[in-house]
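A look at the structure
If you want the building blocks of each chain, they are given just below.
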2 protein chains.
Amino acid sequence: MTEPFLQECLAVLSRTPVVLDSLLRDLPETLTAASEGPGTWSPSEVVRHLIYGEKTDWMPRMELIQEHGTSRPFEPYDHEGQFREGGGKSLAALLDEFRELRQNGVARLRAMNLTSEQLDSKGMHPALGLVTARQLLATWTAHDLNHLMQISRVMAKRYKPEVGPWVAYMSVMK
Amino acid sequence: MTEPFLQECLAVLSRTPVVLDSLLRDLPETLTAASEGPGTWSPSEVVRHLIYGEKTDWMPRMELIQEHGTSRPFEPYDHEGQFREGGGKSLAALLDEFRELRQNGVARLRAMNLTSEQLDSKGMHPALGLVTARQLLATWTAHDLNHLMQISRVMAKRYKPEVGPWVAYMSVMK
């Protein structure tokens, strides 16, 4: 019997690659390479960021908490790390890579079969201090949804020059 | 040869039912019935709103423009209309209904095979005045993405009580 909060988070985490695939694969670059201006991310760059998080952030930190508790602080997370890794992959290749990494991460998380007690176990964040495994899991899940929100917003804004008078009804475009 | 802007919009419009299905079907109600407070919509209610729009707004207006131009103004859109129709359907049934309506609408739009000239044809909005078919199409597409953004935001906020100190990094939760 999977702990209910863990089950809920797993439901979201395991869907994200399918959601992003159905939203983005084979879309025109007018959408997938759109951004909100200099220094902001396109949908493709968000997928690169999610890939980087799978490799360096979420499950590595969960494993650190379960194995070492607070005795080993997390590695600081590099919020621009995805841009320091070799770029040049197509969006299709990025979506494939994210799906594989996420499937692997979700499988590792399921295999841990964390109890309610284990979800309350603590780790040490280099900037935020004491955090729990449950908070890490909630943050991972909300982070997915936050970036789905960002991708939808960036793509919606691409239509700002095209909607004419309807811009008055679209608060996202203001 | 489909007009490029029409093709781009069709790519988004035809995906939305699949995206919503992969995001929402069989998720726990802690997420699908979550809202941002009284008077705001849950993900389920957003799907009801999208269903209502398929029936009364988007393709009916496009057909009115192509058949009658500016001589017949659009019916005013009822932004709460979905709540005046029989409720009580499960989210699974709503997702099925939306998919069928959207497939039908997209098929009708494809069959029109609008030229660039037809996309510039005008209709009469009851509040906004003159609008073009192209603006209607852009607004329909941005409206999908706007509501996907809303659903993602509502679900992300559900984790606010759970993320602990990470709330400092999540602007969506402020």
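Further up the page is the structure itself.
Residues numbered from 1 in each chain as written. Chains lettered and ligands numbered in written order. Predicted model: local features only at pLDDT ≥ 70, side-chain atom pairs only at ≥ 80, totals over all residues. Heavy atoms only, no water.

1. Brief notes about the interface of chain A and chain B
- Listed by partner, the interface residues are 53 residues for chain A and 53 residues for chain B.
- Interface of chain A and chain B: buried area, both sides summed, is about 4300 Å²; carbon and sulfur atoms make up 73% of it.
- Per-residue buried area on chain A facing chain B is highest for E8, R15 and W166 of chain A; these three make up 17% of the total on that side.
- Scanning the region where chain A abuts chain B turns up 2 salt bridges.
- We note a salt bridge from R158 of chain B to E8 of chain A, for which the minimum N-O separation is 2.7 Å.
- Counting across the chain A and chain B interface gives 11 residue pairs in polar contact (both at pLDDT 80 or more).
- Elements with a contribution of two residues or more to the side of chain A that touches chain B: α1 (4-24), α2 (29-32), β2 (129-132) and α7 (133-157) of chain A.
- Of all the elements, α7 of chain A adds the most residues to the side of chain A that touches chain B, at 16 residues. (Contact = heavy atoms within 4.5 Å. Buried area = accessible area lost by both parts, 1.4 Å probe. Salt bridge = Lys/Arg side-chain N within 4 Å of Asp/Glu carboxyl O. Polar contact = N/O pair within 3.5 Å; in protein donor to acceptor, adjacent residues only side chain to side chain. Helix = DSSP H or I, 4+ residues; strand = E, 2+ residues; numbered from the N terminus.)

2. Some details on the relation of the copies chain A and chain B
- When chain A is brought onto chain B, the operation consists of a screw motion whose angular component is 180° and whose axial shift is 0.0 Å, with 0.0 Å RMSD remaining. Such values leave the two copies arranged in the relation of a two-fold axis. Of the C-alpha atoms belonging to chain A, the one lying closest to the rotation axis is found on M149 of chain A, 2.2 Å away.
- Mapped onto chain B, 100% of the interface residues of chain A are again interface residues, and the two copies thus contact each other with one and the same surface. (Least-squares fit on C-alpha atoms with pLDDT ≥ 70 in both.)

3. A few points about the packing of aromatic side chains
Residues and elements named next belong to chain A.
- Under the criterion given, the structure shown has 6 aromatic pairs over all chains.
- Relative to Y77, the ring of Y52 has its centre 6.1 Å away and its plane inclined at 50°; by these criteria the two rings are tilted. Separated by 25 residues along the polypeptide, Y52 in helix α3 (residues 43-56) and Y77 in the loop between α4 (58-68) and α5 (91-112) bring together distant segments of the chain.
- Given the relative accessible area of 17%, Y77 is considered buried.
- Here W58 and W140 contribute two aromatic rings whose centre-to-centre distance is 6.3 Å and whose plane-to-plane angle is 5°, an arrangement assigned as stacked. Here W58 is found in helix α4, whereas its partner W140 is found in helix α7, with 82 residues between them in sequence.
- Sitting above the plane of the Y159 ring, R158 keeps its charged end 5.0 Å from the centroid. (Phe/Tyr/Trp six-rings, centres within 6.5 Å; stacked < 30°, edge-to-face > 60°. Buried < 20%, exposed > 50% of the residue type's maximum accessible area, 1.4 Å probe, protein only. Lys NZ or Arg CZ within 6 Å of the ring centre and 35° of its normal.)

Bear in mind that shape data such as this cannot, by itself, settle questions of function.
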